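# Examining the three-dimensional arrangement
The primary structure of each chain is shown beneath.
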Amino acid sequence: MSVELWQQCVELLRDELPAQQFNTWIRPLQVEAEGDELLVYAPNRFVLDWVNEKYLSRLLELLGERSEDVTPSVSLLIGSKRSPAPRAAQPASLAPPVALASAPMVADESPSAKPVDAQPATNPTTVPSERLVQVEGALKHTSYLNRAFTFENFVEGKSNQLARAAAWQVADNPKHGYNPLLLYGGVGLGKTHLMHAVGNHLLKKNPNAKVVYLHSERFVADMVKALQLNAINEFKRFYRSVDALLIDDIQFFAKKERSQEEFFHTFNALLEGGQQVILTSDRYPKEIEGLEERLKSRFGWGLTVAMEPPELETRVAILMKKAEQTKIELPHDAAFFIAQRIRSNVRELEGALKRVIAHSHFTNHPITIELIRESLKDLLALQDKLVSIDNIQRTVAEYYKIKIADLLSKRRSRSVARPRQVAMALSKELTNHSLLEIGNSFGGRDHTTVLHACRKIAELRESDADIREDYKNLLRTLTT
Ligand SMILES: Nc1ncnc2c1ncn2[C@@H]1O[C@H](COP(=O)(O)OP(=O)(O)OP(=O)(O)O)[C@@H](O)[C@H]1O
């Protein structure tokens with residue numbers, strides 16, 4: 001059984017699963033061959049159990065179809081390829097009670113390799129008190145959490161459900177949740193909000209808890225300062241004494257070797273001490289260039305969850321929630337209008353709402369679609385310019401590698417008809433043109449053809465992973 005064959009099957013599974021599920025459960029798996037057997041490593045028991053329950057049988061089926069008369073033999077383990085749990089050393093009792101004829105499981109809850117290069121505890125410092133105060137001064141600001149970022153204020157939707165559940169688990173059950181918890185995704189999608197929500201919840205449960213939040217650049221700056229002041233020991237002690245360490249945007253650690261080194265040791269010390277670590281990143285950590293492999297591998301010990309841009313219904317719910325918080329009356333159709341047009345991320349959505357509210361206060365008029373059009377005039381004009389039917393046709397043709405003329409033609413072959421339907425559905429979703437106008441722009445088709453295309457694509461987005469992915473990619477290209 002080869003690793004390549006496994007990778008092929010993983011690729012096939014990628015087509016069958018929504019991207020978020022794939023990224024959360026399948027992507028962190030590592031694999032290596034041992035004789036005829038494949039050893040598949042999950043970063044923790046949670047992932048292992050989930051993969052075992054939900055995806056392993058499908059993977060075995062795919063492997064079976066491709067490995068002719070050999071019965072696929074796969075062992076699912078906890079650990080990682082570079083430091084796998086030594087199988088021979090595991091007593092039989094480690095195998096969880098899951099019967100899997102062709103996929104025996106061996107699990108080791110704790111990461112097998114203790115960090116060999118973890119630094120010993122630092123000696124008590126003898127630095128003069130003045131320097132100590134300076135360093136503490138530099139560190140003090142780190143502990144402030146944004147009290148407004150709570151679970152209650154966080155609107156749940158398909159795109160953030162998993163991340164919210166994982167964060168809640170950590171908040172409600174630290175030490176038994178995932179450690180580290182790493183949330184990743186594009187800008188303004190609520191990573192910082194969720195991270196603070198955990199911190200706030202920990203503080204609510206235990207007001208004496210030392211919960212420290214900071215941006216990774218702050219960590220770097222503090223470390224540089226501590227080095228300059230020859231007070232790195234205080235720095236180490238401070239960060240290792242926390243109950244929970246929350247670090248935002250760890251991609252900024254890339255290429256900062258000394259900081260990574262320090263962070264690595266802090267991280268290990270916290271994990272060993274059972275203290276909680278929560279991290280965010282703007283991309284999948286394995287894809288951060290200039291980040292040491294050993295750090296990437298440590299991140300995998302906990303749970304890594306993707307956050308996606310919210311879908312329309314969630315955007316509407318977020319707007320309603322924000323309006324409620326500011327005690328502003330926002331009619332549902334007005335929220336819908338804004339949510340339909342501002343789709344890139346939640347921060348932009350909030351920004352648009354703030355502008356609308358300010359405009360309403362300023363003119364002393366209630367919030368109506370008319371008022372929204374007026375207050376977001378420049379934004380909407382810019383968007384209309386970007387998202388014209390012409391632009392949609394150009395982008396779709398490019399994406400599917402067909403000619404724009406094909407989209408407008410009468411050709412009915414699948415390779416052209418499906419992209420045409422996608423382009424029509426996108427035109428309906430992203431522009432304010434009527435069905436009739438859209439039909440006219442696609443070679444003079446009537447409005448029922450456009451309606452049929454929109455329904456067909458909506459249906460396929462539910463049932464066909466390829467179309468779902470294509471549509472998502474095209475939406476992203478056209479709106480960001
Ligand atoms: N699901 C949500 N419900 C309510 N508010 C949300 C939600 N998601 C994001 N927000 C709000 O959107 C704004 C941006 O969120 P946040 O700062 O957490 O994004 P981020 O993913 O950390 O972005 P960046 O990578 O740019 O730091 C915040 O004001 C936050 O409260």
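None of the values given here were measured: they were computed from a predicted structure.

With 85% of its residues at a pLDDT of at least 70, the chain reaches an overall mean of 81. Segment residues 83-142 is flagged for pLDDT under 50; beyond a separation of four residues in sequence, or across chains, it makes 87 contacts in the model.

Once that is clear, we can look at the environment of Ser159. Mapped onto the fold, Ser159 is located in the loop between helix 5 (129-140) and helix 6 (161-172). Sequence separation between Ser159 and Ala306 is 147 residues; the distance between their C-alpha atoms is 8.6 Å. Ignoring any residue separated from it by four or fewer positions in sequence, one finds Ser159 in contact with Met307, Glu308, Pro309, Pro310, Glu311 and Thr314.

Right, let's get into the site of the ligand. By nearness alone, 18 residues border the ligand, and Gly190, Lys191, Thr192, His193 and Val346 come closest of all. For the shell around the ligand, the secondary-structure elements that each account for two or more residues are helix 7 (191-205), helix 12 (312-325) and helix 14 (346-363). Across the shell around the ligand, the residue classes tally to 7 nonpolar, 6 polar and 5 charged.

What follows concerns the pairing of strand 7 (residues 244-248). Along strand 7, 5 of the 5 residues are buried, which leaves the element largely enclosed by surrounding structure. Residue alternation in strand 7 divides its side chains into two sets, Ala244, Leu246 and Asp248 and Leu245 and Ile247, and both sets are buried. Examined bridge by bridge, strand 6 (residues 211-215) and strand 7 share 5 bridges and lie parallel to one another. The partner of Val212 across the bridge, within strand 7, is Leu245. With 4 bridges connecting them, strand 7 and strand 8 (residues 276-281) associate as parallel partners. Looking at the pairing, Ala244 lines up with Gln276 of strand 8. Tracing the backbone out of strand 7, into helix 10 (residues 257-272) and back to the parallel element strand 8 gives a crossover that is right-handed.

Below, the discussion takes up the sheet that holds strand 8. Overall, parallel pairing links the 5 strands, which are arranged 6-7-8-5-9 in an open sheet. The open sheet has two free edges, formed respectively by strand 6 and strand 9 (303-307), since each of these has just one partner strand. Averaged over all pairs of adjacent strands, the angle between their axes in this sheet comes to 15°, without regard to strand direction. Strand direction decides the pairing type here: strand 5 (residues 181-185) and strand 9, joined by 5 bridges, are parallel. Its bridge partner lying in strand 9, Leu182 is registered against Thr304.

On to the packing of helix 21 (residues 447-463) against helix 22 (residues 465-479). For the pair helix 21 and helix 22, interaxial distance at closest approach is 6 Å and the crossing angle is 110°. Put simply, helix 21 runs roughly perpendicular to helix 22. For the pair helix 21 and helix 22, the crossing hand works out as left-handed. Between helix 21, through Ile457, Leu460 and Arg461, and helix 22, the contact on the second element is made entirely by Ile467, Arg468 and Tyr471. Per-class residue counts for the contact of helix 21 with helix 22 are 4 nonpolar, no polar and 2 charged.

What counts as what
- Residues numbered from 1 in each chain as written.
- Predicted model: local features only at pLDDT ≥ 70, side-chain atom pairs only at ≥ 80, totals over all residues.
- pLDDT = per-residue confidence, 0-100.
- Contact = placed C-beta atoms within 7 Å.
- Helix = DSSP H or I, 4+ residues; strand = E, 2+ residues; numbered from the N terminus.
- Near = placed C-beta within 6 Å.
- Nonpolar A, V, L, I, M, F, W, Y, C, P; charged D, E, K, R; others polar.
- Buried ≥ 20, exposed ≤ 12 C-beta atoms within 10 Å, placed from the backbone.
- Pairing = 2+ DSSP bridges.
- Right-handed = clockwise from strand over helix to strand, strands pointing away.
- Axes fitted to C-alpha atoms, helices over the stretch in contact; angles between N-to-C directions.
- Parallel < 35°, antiparallel > 145°, perpendicular 65-115°, else oblique.
- Left-handed = near helix turned anticlockwise from the far one by under 90°.

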